[in-house]
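Here are the chains, one letter per residue:
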Amino acid sequence: MKNMLKDAAILLLITLVAGLALGFVYQITKGPIALAEEKAAKEAYAEVFPAASDFEEDGLDMPKEAAWQEAWNENGFTGVDIENTLKAVGAEGEVLGYVLTVTSHEGYGGDITFTMGITMDGTLNGVSILSISETAGLGMKAESVLKPQFANKKVPSFTYTKQGAASDSQIDAISGATITTSAFTNAVNGGLYYFQTQLGGGSYEAE
C-alpha cells in the first residue's frame, strides 16, 4: 500500500510539473504565434488587394435570418463559412472593395482557409491560401494550380472542368484531386455570393 501511495504521489508530481511546464511554454509562445499569424494575415490581405492603403473591420457577421441561411444552403454553401470581412480602403479613405476570409469544411484533408479580394465592381483580384492540409502531390497543388486561375476574373461564380477551361468562369481541376478542387471552387463561390448579397457589390450583366 505504501508503495502504491508513493507511486501515485510521484505520478501526481510529474503531472503537475509537466502541466506547469506546458503552461509556461504556452505563455511564452502565444505572443509570438499571435504576431506571426497577424503578420501572415496582413500579407494575405495585401496580396489579394494590393491597391488598398489600409484594411478596416466592417463589423459584419454572416446573417442569422432563416431565409438567408436557407438560400445560402440551397446554393450549396452549407460547408462554407465567411470568417471575416474587411473593407479595402484607398489613400483618400474611399472603399475600393472587400477582403473576405473564407473557410471550406469540405476539403479532402480538412478545412481550407483563404482570403479573397473583390473590388466593388465584382472583379476577383485573387485568393491567398492561409491554411490547407490536403494530400501531398495532389490536393496540395491548390497553391500552384487553382490559386492563379482565380486572379483578375469578373464573373458571378465559377465551375470546374476536367477538359480545360474555355471561359473565365471555368477552372481547370487538379488532376486526381476533384474533392479539393470542388471544395475550393465552392468556397470561392460562397465568398462571391456573400459579396453580392450582403456587401452590395458586383455588376455582371455586361460581362
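About the cut-offs
Residues numbered from 1 in each chain as written. Predicted model: local features only at pLDDT ≥ 70, side-chain atom pairs only at ≥ 80, totals over all residues. Heavy atoms only, no water. Helix = DSSP H or I, 4+ residues; strand = E, 2+ residues; numbered from the N terminus. Contact = heavy atoms within 4.5 Å. Phe/Tyr/Trp six-rings, centres within 6.5 Å; stacked < 30°, edge-to-face > 60°. Buried < 20%, exposed > 50% of the residue type's maximum accessible area, 1.4 Å probe, protein only. Pairing = 2+ DSSP bridges. Axes fitted to C-alpha atoms, helices over the stretch in contact; angles between N-to-C directions. Core = buried A, V, L, I, M, F, W, Y, C linked by side-chain atoms within 4.5 Å. Expected span 1.5 Å × (residues − 1). Left-handed = near helix turned anticlockwise from the far one by under 90°. Nonpolar A, V, L, I, M, F, W, Y, C, P; charged D, E, K, R; others polar.

### Some points on the overall build of the protein chain
The secondary structure content of the protein chain amounts to 3 helices and 7 strands. When the helices and strands of the protein chain are listed from N to C terminus, the series reads α-β-α-β-β-β-β-β-β-α. Counting contacts in the protein chain only where the partners sit at least 6 residues apart, residues at least 24 apart contribute 58% of the total.

### Considerations on the packing of aromatic side chains
Scanning all chains against the criterion turns up 11 aromatic pairs. Judged by centre distance (5.1 Å) and plane angle (20°), the ring pair of W68 and W72 falls under stacked. Taken together, the residues W68 and W72, both in helix 2 (residues 66-74) and 4 residues apart, mark about one turn of the helix. With relative accessibility at 11%, the residue W68 sits in the buried group. Owing to a relative accessible area of 2%, W72 belongs among the buried residues under this scheme.

### As for the sheet that holds strand 4 (residues 112-119)
Either a parallel or an antiparallel arrangement is found when strands of a sheet pair, and the pairing is made through backbone hydrogen bonds. Read from one edge to the other, the open sheet built from 5 strands follows the order 1-2-3-4-5, with strand pairing classed as antiparallel. On the outer flanks of this sheet lie strand 1 (54-57) and strand 5 (124-131), each paired with one strand and no other. Taken pair by pair, the neighbouring strands of this sheet meet at an average axis angle of 30°, ignoring direction. Looking at chain direction, strand 2 (residues 80-89) and strand 3 (residues 95-104) are connected through 9 bridges and run antiparallel. Within strand 3, the residue paired with I82 across the bridge is V102.

### Re the pairing of strand 3
Of all the 10 residues making up strand 3, 8 are buried; the element is thus mostly covered by neighbouring parts of the structure. Hairpin connection, strand 2 to strand 3: the antiparallel pair is bridged by 5 residues, and G93 has positive phi, about 85°. Strand direction decides the pairing type here: strand 3 and strand 4, joined by 8 bridges, are antiparallel. Following the sheet pairing, L100 is matched in strand 4 by M116.

### Considerations on the nonpolar core
Counting 33 residues, the largest nonpolar core has W72, F114, M116, F150, F184 and V188 as the members making the most contacts within it. Elements that contribute at least two residues to this core include exactly helix 2, strand 2, strand 3, strand 4, strand 5 and helix 3 (178-198). For this core, the element with the highest residue contribution is helix 3, accounting for 8 residues. Residue contacts for V188: discarding those within four places in its chain leaves F114, M116, L124, V127, F150 and F158. In terms of nonpolar packing, the next biggest core, distinct from the first, is built from 8 residues, Y45, A52, A88 and V99 among them.

### Some words on unusual backbone geometry
Phi angles above zero are rare outside glycine, and N152 is one such case at about 55°. By the secondary structure assignment, N152 is in the loop between strand 5 and strand 6 (159-161). Accessibility expressed as a relative area gives 59% for N152, which makes it exposed.

### Brief notes about helix 3
Here helix 3 spans 29 Å end to end across 21 residues, near enough to the 30 Å set by a 1.5 Å rise per residue. Of all 21 residues in helix 3, 15 are buried; the element is thus mostly enclosed. Backbone geometry just after helix 3 places G200 at a positive phi near 70°.

### A few points about the packing of helix 2 against helix 3
Packing of helix 2 against helix 3 leaves a shortest axis separation of 11 Å and a crossing angle of 145°. Regarding helix 2 and helix 3, the two cross each other, and that crossing is right-handed. Here W68, A71 and W72 of helix 2 come into contact with helix 3, specifically with G190, Y193, Y194, T197 and Q198. Residues that form the contact of helix 2 with helix 3 fall into these classes: 5 nonpolar, 3 polar and no charged.

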